[in-house]
Amino acid sequence: SSSKINVELDSSTGIAVMRFQNPLVNSLNLDFLTEICISLEKLELDKSCRGVILTSAQPKIFSAGLDILEMYGKNPEHYAAFWKSVQEIWLKLYGYSKITIAAINGSSPAGGCLIALTADYRIMADNPRYTIGLNETQLGIVAPFWFKDTMLNTVGHRTAELSLQFGLMYTPSDALKINLVDLVVPEEQVLSTATETMTKFLAIPGHAREISKSMMRKPVVDRLLSCRDADIKNFVSFISKDSIQKSLGQYLSMLKQKKS
Ligand code: CO8
């Protein structure tokens, strides 16, 4: 465990709980993304770990998504390094050999939603103040194809189409209706329900489950692997545009104003 990631592995069950604790809102900056990736890699190599529950140690927020400051007012080299780390975490999580369950105990916009979407199962707290979704268009930016495909593979084409264009954020009950999450439970039961669900997954012969998971996901993973550099170039040129920087600047000041 690092200071921003708390990992507790129960050696009797093989279930690890990974808690994100990057104050205030678990926004995903380059360092934090790298740390999450390293922790996931360690658990993947650890034979005593059989599944990972992803959750937040921060109140009310699962993750605020990508750190907007990593995409604003920086140089192209920085954007490229940042985007590479975003690709890295998605590749690690979407292709993860072990079972992952997202225990979504707070809001989960954009990149936060993406992390949750990579899990094998999503359980969300029933608090209607928490919302989840890919809201990128609301910031004037565009979720890349692999965000889109992850969403598409979860909710289906028509829902993904509407969801992405409007940049919709869903309450837990609405998220459940479209299968963006699998289960909604009272907040204090999110973690225990995740553990119970993990036990059900663990009862399935591991090798068969793992191959089935890979069969469902490999085409999308391979698609990004085949064009990582082009995807980075694309991101860097998009995010460097004056018009996009202006949109992000406006969104950031809207976030600040909302408080006062
Ligand atoms: N990045 C950076 N800073 C953030 C972010 C973020 N994603 N989210 C919040 N913050 C900051 C706020 O500005 C605020 O800063 P300060 O204290 O300096 O004023 C602080 O964190 C706390 O935020 P709030 O006061 O708003 O806290 P609340 O508890 O009221 O709300 C929320 C928390 C719900 C998370 C709210 O802050 C929010 O909605 N944040 C915006 C989330 C968002 O829209 N994220 C999208 C990021 S983009 C992304 O993830 C995918 C991009 C894909 C790339 C596209 C290719 C071009």
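These lines cover the structure that appears in this document, whether it is placed above or below.

How each quantity is defined
Residue numbers run consecutively from 1 along every chain, following the written order of its sequence. Whole-chain, interface and lining totals are the exception, using all residues; otherwise, since this is a predicted model, local features are given only for residues with pLDDT of at least 70 and side-chain atom pairs are given and counted only at 80 or more. To obtain the side-chain values, all non-hydrogen atoms of the structure were used and water was disregarded. Secondary structure elements follow DSSP: runs of H or I of four or more residues count as helices, runs of E of two or more count as strands, with numbering from the N terminus. In this setup the radius of gyration rests on C-alpha atoms only. A globule is expected at 2.2 Å times the number of residues raised to 0.38. Exposed residues in this analysis have more than 50% of their type's maximum accessible area, buried residues have under 20%, and partly exposed residues fall in between, with area computed by a 1.4 Å probe over protein chains only. Whether two residues are in contact is decided by their heavy atoms, any of which lying within 4.5 Å being enough. Using a 1 Å grid laid over the protein atoms alone, points where a 1.4 Å probe fits but cannot get out form a cavity; open sets with protein on both sides within 12 Å along at least 5 of 7 lines form a pocket; any residue with an atom within 4 Å of a point counts as lining. Grid points are joined across faces, edges and corners, and a volume is the space filled by probe spheres set on the points. Each residue gets one label: Ala, Val, Leu, Ile, Met, Phe, Trp, Tyr, Cys and Pro are nonpolar, Asp, Glu, Lys and Arg are charged, and the others, such as Gly, are polar. Nearness here has a simple test: a residue counts as near a molecule or strand if at least one of its heavy atoms is within 4 Å of that partner. Side-chain atoms alone can form a polar contact between residues adjacent in sequence; in general such a contact is a pair of N or O atoms within 3.5 Å, and within protein one must be able to donate a hydrogen while the other accepts it. Surface accessibility in these figures is a Shrake-Rupley result with a 1.4 Å probe; residues are shielded only by whichever protein chains are displayed. The rule for placing a molecule in a cavity or pocket is simple: more than half of its atoms must lie within 2 Å of the grid points. A pair of strands counts as paired when DSSP detects no fewer than two bridges linking them. In this description, a line fitted to the C-alpha atoms serves as the axis of each element, helices being fitted only across the stretch in contact, and the angle between N-to-C directions of two axes falls anywhere from 0 to 180 degrees.

### Let's talk about the overall build of the protein
At step 1: Across its full length, the protein holds 10 helices and eight strands.
At step 2: In terms of overall dimensions, the protein is globule-like: its C-alpha atoms have a radius of gyration of 18 Å, near the 18 Å expected for 260 residues.
At step 3: Its C-alpha atoms put the protein at 55 × 40 × 40 Å along the principal axes.
At step 4: By the burial criterion, 50% of the 260 residues in the protein qualify as buried.

### Side note on helix α4 (residues 145-155)
Residue pairs spaced three or four apart in an α-helix point in one direction, given the helix's 3.6 residues per turn.
At step 1: α4 sits mainly inside the fold: eight of its 11 residues count as buried.
At step 2: Along α4, the residues that are buried comprise Phe-145, Trp-146, Phe-147, Asp-149, Thr-150, Met-151, Thr-154 and Val-155.
At step 3: Where α4 is buried, its residues touch α2 (76-94), α3 (111-117), β6 (121-125), α5 (157-166), α8 (206-225) and α9 (228-240).
At step 4: Immediately beyond the C-terminal end of α4, within one or two residues, lies Gly-156, with a positive phi of roughly 90 degrees.

### Notes on the layout of surface pockets
At step 1: Each pocket or cavity is described by its volume, and for the largest pocket that value is around 1,500 Å³.
At step 2: Together, 48 residues line the largest pocket, and Val-25, Ala-64, Ile-68, Tyr-251 and Leu-255 are the ones closest to its centre.
At step 3: Its residues assigned to classes, the lining of the largest pocket shows 29 nonpolar, 11 polar and eight charged.
At step 4: A volume near 280 Å³ is recorded for the second largest pocket.
At step 5: What lines the second largest pocket is a set of 13 residues, among which Tyr-94, Asp-120, Lys-213, Met-216 and Arg-217 lie closest to the centre.
At step 6: Going through the elements one at a time, α4 and α8 are the ones with two or more residues in the lining of the second largest pocket.
At step 7: In terms of residue count, the dominant contributor to the lining of the second largest pocket is α8 (five residues).

### Brief notes about the site of the ligand
At step 1: Inspection of the region around the ligand gives 26 residues, with Leu-66, Tyr-251, Lys-256, Lys-258 and Lys-259 positioned closest.
At step 2: With respect to the ligand, the backbone of Leu-66 contributes an N or O atom lying 2.8 Å from an oxygen atom.
At step 3: In this structure, an oxygen atom belonging to the ligand sits 2.7 Å away from a side-chain N or O atom of Lys-256.
At step 4: In the complex, the protein chains occlude 81% of the 1,100 Å² of accessible area that the ligand would expose alone.
At step 5: Judged by its atoms lying within 2 Å of the grid points, the ligand is housed in the largest pocket.
At step 6: Contributing elements (two or more residues each) for the shell around the ligand: α9 and α10 (242-257).
At step 7: Considered class by class, the residues forming the shell around the ligand number 18 nonpolar, three polar and five charged.

### What to know about the sheet that holds β6
At step 1: Sheet architecture is open: six strands sit in the order β1-β2-β3-β4-β6-β8, paired in mixed fashion. Here the strands that pair on one side only, and so sit at the sheet edges, are β1 (5-10) and β8 (183-185). The average angle at which neighbouring strand axes cross in this sheet is 20 degrees, direction not considered.
At step 2: The pairing of strand β3 (residues 51-56) with strand β4 (residues 99-104) spans four bridges and is parallel. Residue pairing for β4: Ile-53 is matched across the bridge by Ile-101.

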